[in-house]
Amino acid sequence: MIVVMKDGSDDQDIKKITDRIEEMGYTPHVSRGEKKTIIGIIGDLNKDLNREEVAQSLGAYSEIDRLVPIQEPYKLVGRSFKKEDTIVEVGDVKIGGKKLAVIGGPCSVESEKQIVNTARAVKKAGGQILRGGAFKPRTSPYSFQGLLEKGLKLLKTASEETGLKIITEVMDPRDVELVAEYADILQIGARNMQNFYLLKEIGKTETPAMLKRGMNATYKEFLMAAEYIMAEGNHDVILCERGIRTFEEYTRNTLDLLSIPITEKLSHLPIIIDPSHGTGDWELVNPAARGAVAMGADGLMIEVHPEPQKALSDGQQSLDFEKFNQLMEDIKVFADAAGREI
Ligand code: PEP
Ligand code: MN
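Q: Mind laying out the domain arrangement of the protein chain, listing which residues take part and the relevant values?
A: When cut into domains, the protein chain gives domain 1 (2-68) and domain 2 (88-337). Of note, the centres of domain 1 and domain 2, computed from C-alpha atoms alone, are 44 Å apart.

Q: Can you explain the pairing of strand β11 (residues 209-212)? Please cite residues and give values.
A: Burial along β11 is two-sided: Ala209 and Leu211 and Met210 and Lys212, pointing in opposite directions, are all buried. Pairing geometry for strand β10 (residues 185-188) and β11, over three bridges, is parallel. From the neighbouring strand, Gln187 faces β11, where its bridge partner is Met210. Tracing the backbone out of β10, into helix α6 (residues 196-203) and back to the parallel element β11 gives a crossover that is right-handed.

Q: I'd like a description of helix α3 (residues 112-125), backed by residues and values.
A: Taking 1.5 Å per residue as the helical rise, α3 with its 14 residues ought to reach 20 Å, and the 20 Å between its terminal C-alpha atoms agrees with that figure. Restricting attention to buried positions, one finds in α3 the residues Gln114, Ile115, Val116, Thr118, Ala119, Ala121, Val122 and Ala125. Of the surrounding secondary structure, the elements contacted by the buried residues of α3 are β7 (101-105), β8 (129-131), α4 (149-162) and α11 (321-330).

Q: Give a description of the packing of α6 against helix α7 (residues 219-231) that names residues and reports values.
A: Angle between the axes and distance between the axes: these two values describe a pair of packed helices. Their axes nearest at 7 Å, the elements α6 and α7 cross at an angle of 40°. Classified by the angle between their axes, α6 and α7 sit oblique to one another. Along this stretch, α6 crosses α7, giving a crossing that reads as right-handed. For the pair α6 and α7, contact is made by Phe196, Leu199, Lys200, Ile202 and Gly203 and by Ala225, Tyr228 and Ile229, respectively. Of the residues in the contact of α6 with α7, the class split is six nonpolar, one polar and one charged.

Q: Break down the site of ligand 1 for me, with residues and values.
A: In the vicinity of ligand 1, the residues found are Arg131, Lys136, Pro137, Glu169, Gln187, Gly189, Ala190, Arg191, Lys212, Arg242 and His277. Gln187 places a side-chain nitrogen or oxygen 2.9 Å from an oxygen atom of ligand 1. The fraction of the free accessible surface of ligand 1 (300 Å²) that becomes covered by protein chains is 97%. Classifying every residue of the shell around ligand 1 gives two nonpolar, three polar and six charged.

Q: Tell me what's going on with the coordination of the manganese ion (ligand 2), and back it up with residues and numbers.
A: Every protein donor of the manganese ion (ligand 2) is listed here as Cys107 (SG), His277 (NE2), Glu303 (OE) and Asp314 (OD), and their distances to the metal cover 2.0 to 2.3 Å. For the manganese ion (ligand 2), all donor residues lie on one chain, and their spacing in sequence is C-x169-H-x25-E-x10-D. Pair noted here: Cys107 is in the loop between β7 and α3 and Asp314 is in the loop between β14 (299-303) and α11, with a separation of 207 residues, a long-range link. In this structure, Cys107 and Asp314 share a single accessibility class: buried.

Q: Let's hear about α6: which residues, and what values?
A: Considered for burial, the residues of α6 that qualify are Leu198, Leu199, Ile202 and Gly203. Angularly, the buried residues of α6 cover 135° about the axis, an arc narrow enough to put them on a single face. The inward-facing, buried residues of α6 contact α5 (176-182), β10, β11 and α7.

Q: An account of empty space enclosed by the protein is needed here, citing residue identities and associated values.
A: All chains considered together, the criterion is met by one cavity of 30 Å³ or more. What the largest cavity holds in volume is close to 40 Å³. Around the largest cavity, the lining residues are Arg131, Gly132, Gly133, Lys136, Ile167, Thr168, Glu169 and Gln187. Tallied by class, the residues present in the lining of the largest cavity amount to one nonpolar, four polar and three charged.

Q: Describe the packing of aromatic side chains, and please don't skip the residues or the numbers.
A: Enumeration over the complete set of coordinates arrives at one aromatic pair. The interplanar angle of 25° and the centroid separation of 4.4 Å between the aromatic rings of Phe196 and Tyr228 together place this pair among those described as stacked. A residue pair is termed long-range when its members are at least 10 positions apart, and Phe196 in helix α6 and Tyr228 in helix α7 qualify at 32 residues. When the ring centre of Tyr219 is taken as reference, the NZ or CZ atom of Arg213 above it lies at 4.3 Å. Geometry around Trp282 places Lys323 over its ring, the cationic atom sitting 4.5 Å from the centre.

Q: An account of the nonpolar core is requested, with residue identities and associated values reported.
A: Membership of the largest hydrophobic core comes to 63 residues, with the highest contact counts inside it found for Ile202, Ile273, Leu300, Ile302, Phe324 and Leu327. For this core, the element with the most residues is α7, which contributes six residues.

Q: How would you sum up the side chain of Arg79? Please name residues and give values.
A: Turning to its location among the elements, Arg79 is positioned in the loop between β4 (64-68) and β5 (88-90). Take Arg79: its relative accessible area is 17%, and that puts it in the buried class. Ignoring anything within four residues of it in the chain, the contact list for Arg79 reads Glu84, Asp85, Glu264, Lys265, Leu266, Ser267 and His268.

Q: Give a description of the sheet that holds strand β2 (residues 27-32) that names residues and reports values.
A: With respect to topology, four strands assemble into an open sheet ordered β2-β3-β1-β4, the strand pairing being antiparallel. Bordering the open sheet on either side are β2 and β4, each of which pairs with just one other strand. Shown here is a sheet whose adjacent strand axes are inclined to one another by a mean of 20°, direction ignored. Inspection of the sheet shows β2 paired to strand β3 (residues 37-42) by six bridges, in the antiparallel sense. When the bridges of β3 are listed, Arg32 appears paired with Thr37. The strands touched by helix α1 (residues 11-23) within the sheet are β1 (2-5), β2, β3 and β4, with β2 carrying the most contacts at an inclination of about 155°. Running over the sheet, helix α2 (residues 51-59) touches β1, β3 and β4 and is turned about 165° from β4.

Cut-off values and rules
Residues numbered from 1 in each chain as written. Chains lettered and ligands numbered in written order. Predicted model: local features only at pLDDT ≥ 70, side-chain atom pairs only at ≥ 80, totals over all residues. Heavy atoms only, no water. Domains from an automatic or database assignment. Buried < 20%, exposed > 50% of the residue type's maximum accessible area, 1.4 Å probe, protein only. Helix = DSSP H or I, 4+ residues; strand = E, 2+ residues; numbered from the N terminus. Pairing = 2+ DSSP bridges. Right-handed = clockwise from strand over helix to strand, strands pointing away. Expected span 1.5 Å × (residues − 1). Contact = heavy atoms within 4.5 Å. Axes fitted to C-alpha atoms, helices over the stretch in contact; angles between N-to-C directions. Parallel < 35°, antiparallel > 145°, perpendicular 65-115°, else oblique. Left-handed = near helix turned anticlockwise from the far one by under 90°. Nonpolar A, V, L, I, M, F, W, Y, C, P; charged D, E, K, R; others polar. Near = heavy atom within 4 Å. Polar contact = N/O pair within 3.5 Å; in protein donor to acceptor, adjacent residues only side chain to side chain. Areas by Shrake-Rupley, 256 points an atom, 1.4 Å probe, with all protein chains shown as cover. Donors = N, O, S within 2.8 Å, 3.2 Å for Na, K, Ca; no water. Arc of directions from axis to C-beta. 1 Å grid on protein atoms, 1.4 Å probe; cavity = no way out; pocket = protein on both sides within 12 Å on 5 of 7 lines; lining within 4 Å. Points joined across faces, edges and corners; volume = space filled by probe spheres on them. Phe/Tyr/Trp six-rings, centres within 6.5 Å; stacked < 30°, edge-to-face > 60°. Lys NZ or Arg CZ within 6 Å of the ring centre and 35° of its normal. Core = buried A, V, L, I, M, F, W, Y, C linked by side-chain atoms within 4.5 Å.

Listed below in structure tokens is the structure:
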């Protein structure tokens, strides 16, 4: 962090600040210009008093014009911590490697027939991971809330039959143990991205986690949420962009595909794109998926339902089996161009 002193600050002003910096356990490095004086703070800002605490303290001095951060606040998730891309291994499925990871399945698990048939279709089309919500974060308390543990059991049945891995959402820290008994990947939903107790609980498990970007989260907040999981010891974290809220009302969310190159620059973690929630419209899912693959996404998460018209949640953005097949065909040329295998 760099401290920019107010114009015309004198020796006494500067000493006041350097004394405080030393008091907080860091070394000040003063560089004096004709008008401007800047002070570099040397030391590991993630230790002792952390970055926020130092910034808060210095922010209270009237002698200081502003503080300029020079390092990102996250550590474990950052590229500077680990140069190579992280590949999250879920059995024989790798997320973040050369092969594109494809997750498909219904918004909610509704019945054995629905989830098993969908799993077969996802597998046949080339997907490796089955999605399906058993605990559903619904906007209305009167909407279908999911089948809970019964839904987890049905996912297991479908997985045993097809060999697909399971990803499913866990909403409550108290359910983490239960959901981890069934899931190969724990999903953290957009609404829970900053549920720090949930993140910590998942961080204590050895089950890979997929963190969805909150609908109003900046990249910094997104990556700091991932840092919570990693800081507890679980380093198998996958990021997922699912669209953010903007002024645009035509689509359910605005799918921020720039998250692909941006998170790739800032972090070593893999990123999956969810064009279903990102657009909220089945007609837009295919073009958004093609764009995501072309831009270098590590994978896709697509809502697939045997009869979207009868789905208990998110039918309007779900693909039937034929449309999902078509999507898998249509992304091939883009995967190829991006140097990925399907
Ligand atoms: C989901 O994927 O089932 C879901 C609820 O998505 P989000 O948390 O992104 O809204
Ligand atoms: Mn959904």
